[in-house]
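Overview (structure and organization)
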Amino acid sequence: MPGASSETLLDFPDNSLLAPLCGAFDRHLAQVEQALTVQILRRGNVLAIHGEAGARTLAAEALSALYLRLEQGRPVEPGDVDAALRFGAESPPDPAAAPGPPRENQLEMFAGGKLEIRTRKKTVEPRTAAQRDYVRALFDRELVFGVGPAGTGKTYLAVAVGVSMWLEGRVDRIILSRPAVEAGERLGFLPGDMKEKIDPYMQPLYDSLNDLLPPGQVQKAMLDKKIEIAPLAFMRGRTLSNAFIVLDEAQNATEMQMKMFLTRLGEGSRMSINGDLSQVDLPRGVRSGLDQAVRLLADVKGVGMTRFKAADVVRHPMVQRIIEAYDAEYGDEGRREGIDGRPGR
């Protein structure tokens with residue numbers, strides 16, 4: 001409209017919070033600018049946002065939410081900026097009025113629908129709506145499937161919830177597993193004992209644990225069998241009670257392996273099954289057990305099912321664009337059966 005302002009001004013009264021809001025070398029502001037195609041200028045305690053009206057509104061909501069976070073004494077990192085851009089401004093938390101679990105619980109459900117997973121080293125928050133639904137399901141249901149492309153946080157969030165529940169005493173141990181299937185290459189005869197042979201396959205699970213718990217605590221818990229990391233084949237014959245169980249890379253489990261694993265669920269346990277049906281590494285003619293399980297159990301009472309999309313990718317923005325390009329090339333059928341159109345590679 002003629003005469004309408006193309007500038008949105010945000011006044012932040014606490015100057016000590018402005019530096020962490022903007023980030024080192026204004027990297028948080030640059031992240032907002034790149035995501036929304038706006039320009040942000042600093043004028044003392046005021047941030048001036050230039051750009052299209054809708055983009056300015058989104059930028060203002062995100063920056064206001066981040067400032068509120070700093071006022072609550074919580075840090076702001078690039079991941080928090082990404083979450084603010086996705087969710088926008090949410091209602092401020094009011095522990096006195098907010099319904100849900102008590103304050104000391106590892107999981108806090110704020111009035112605005114925000115979730116926090118507290119561990120020894122950090123607090124983990126969902127950064128997309130699908131992640132938020134997934135985390136709620138992990139706390140509320142005994143069996144949860146997380147299906148979608150790489151980089152959507154399926155495994156990391158599942159391990160974080162498992163660690164949180166273990167620290168609370170809601171489960172006695174954490175069991176992390178994945179199929180030991182080569183991703184296309186041939187590794188040959190690996191040297192070393194059994195642990196040294198399978199550790200390369202399990203490394204992503206170790207990485208998640210070490211990001212959430214002090215290394216000394218991880219090692220002690222593994223020695224005490226409070227945390228177990230084992231290949232899928234080692235699960236046969238076991239009954240897993242009072243445990244939080246995660247099966248990662250489940251698309252590489254065969255139909256019989258998946259049935260075997262699902263039936264390990266014991267009293268007081270929770271199970272998370274995660275995978276990406278576009279990255280099946282099984283031999284030709286071997287069907288993915290994850291594909292079958294998702295179809296058979298989608299409507300079973302007590303089973304949670306979260307489907308992630310490219311928009312839920314929380315890694316580098318380029319990863320999202322790569323996944324979208326592959327989806328455009330191969331479509332849903334390629335995602336269900338594998339990139340090459342076969343049930344397995």
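Presented here is a report on the structure given in the accompanying data block. (Residues numbered from 1 in each chain as written. Predicted model: local features only at pLDDT ≥ 70, side-chain atom pairs only at ≥ 80, totals over all residues. Heavy atoms only, no water.)

With respect to the sheet that holds strand β8 (residues 173-178)
One open sheet accounts for six strands, arranged β9-β8-β10-β11-β7-β12; its pairing is parallel. Strand pairing shows two members of the sheet lacking a second neighbour, β9 (227-231) and β12 (303-307), which therefore form its edges. Geometrically, the sheet is characterised by an average inter-axis angle of 15 degrees between neighbouring strands, direction not taken into account. As defined by bridge partners, strand β7 (residues 143-147) adjoins strand β11 (residues 270-275) across five bridges and the pair is classed as parallel. Within β11, the position partnered with valine 147 by the bridge is glycine 275. Seen against the sheet, helix α10 (residues 289-297) touches β7, β11 and β12 and runs at an angle of roughly 125 degrees to β7. (Pairing = 2+ DSSP bridges. Helix = DSSP H or I, 4+ residues; strand = E, 2+ residues; numbered from the N terminus. Axes fitted to C-alpha atoms, helices over the stretch in contact; angles between N-to-C directions. Contact = heavy atoms within 4.5 Å.)

A few points about the pattern of salt bridges
Enumeration according to the criterion identifies 18 salt bridges in this entry. A salt bridge links aspartate 224 to lysine 220, with the nearest nitrogen and oxygen atoms 2.9 Å apart. When its relative accessible area of 41% is taken as the criterion, aspartate 224 is described as partly exposed. Within this structure, Arg69, Arg74, Asp80, Glu116, Arg118 and Glu125 form a network of salt bridges that share partners. (Salt bridge = Lys/Arg side-chain N within 4 Å of Asp/Glu carboxyl O. Buried < 20%, exposed > 50% of the residue type's maximum accessible area, 1.4 Å probe, protein only.)

A closer look at the packing of aromatic side chains
To describe a pair of aromatic rings, one takes the distance between the centres and the angle between the planes. What the rule picks out here adds up to two aromatic pairs. Ring centres of phenylalanine 12 and tyrosine 67 lie 4.7 Å apart, and the angle between their planes is 40 degrees; this geometry places the pair in the tilted category. Note that phenylalanine 12 is positioned in the loop between β1 (7-11) and α1 (15-22) and tyrosine 67 in helix α3 (residues 53-71), a separation of 55 residues in sequence. Taken together, a centroid distance of 5.3 Å and an interplanar angle of 80 degrees make the contact between tyrosine 134 and phenylalanine 308 edge-to-face. Separated by 174 residues along the polypeptide, tyrosine 134 in helix α5 (residues 129-140) and phenylalanine 308 in the loop between β12 and α11 (317-337) bring together distant segments of the chain. As far as the burial class goes, tyrosine 134 and phenylalanine 308 line up, both buried. (Phe/Tyr/Trp six-rings, centres within 6.5 Å; stacked < 30°, edge-to-face > 60°.)

Remarks on the environment of aspartate 291
Mapping aspartate 291 onto the fold places it in helix α10. Accessibility expressed as a relative area gives 7% for aspartate 291, which makes it buried.

Quick look at the nonpolar core
Nonpolar side chains tend toward joint burial in soluble globular proteins. Ranked by size, the top nonpolar core spans 36 residues in total, and within it Ile117, Val161, Val163, Trp166, Leu176 and Leu209 carry the most contacts. For this core, the elements supplying multiple residues, two or more each, are β5 (115-118), α5, α6 (154-168), β8, α7 (194-212), α8 (215-223), β9 and β10 (243-247). The leading source of residues in this core is α6, at nine residues. Not counting the four nearest positions on each side in its chain, valine 161 is found in contact with Ile117, Val135, Leu138, Phe139 and Phe244. (Core = buried A, V, L, I, M, F, W, Y, C linked by side-chain atoms within 4.5 Å.)

Quick word on the environment of tyrosine 330
You can see tyrosine 330 is positioned in helix α11. Each C-alpha atom, one on tyrosine 330 and one on serine 278, is 9.5 Å from the other, the two residues being 52 residues apart in sequence.

With respect to the side chain of arginine 270
Along the chain, the position of arginine 270 falls in strand β11. One buried charge, arginine 270, has no salt-bridge partner; the nearest side chain with opposite charge is glutamate 142, at 5.5 Å. Within the structure, the side chain of arginine 270 is placed 3.3 Å from the backbone oxygen of leucine 138, a separation counted as a polar contact. Looking at arginine 270, its side chain comes within polar contact range of the main-chain oxygen of arginine 141, at 3.4 Å. (Lys, Arg positive; Asp, Glu negative; His and termini not counted. Polar contact = N/O pair within 3.5 Å; in protein donor to acceptor, adjacent residues only side chain to side chain.)

A look at the packing of helix α2 (residues 27-36) against α3
In the contact formed by α2 and α3, the axes pass within 10 Å of each other and the chain directions differ by 150 degrees. It follows that α2 is roughly antiparallel to α3 by the angle criterion. Helix-helix and strand crossings are classified by hand; for α2 and α3 the assignment is right-handed. Here Leu29, Val32 and Leu36 of α2 come into contact with α3, specifically with Ala55, Leu58, Ala59 and Leu63. Of the residues assigned to the contact of α2 with α3, the class counts are seven nonpolar, no polar and no charged. (Parallel < 35°, antiparallel > 145°, perpendicular 65-115°, else oblique. Left-handed = near helix turned anticlockwise from the far one by under 90°. Nonpolar A, V, L, I, M, F, W, Y, C, P; charged D, E, K, R; others polar.)

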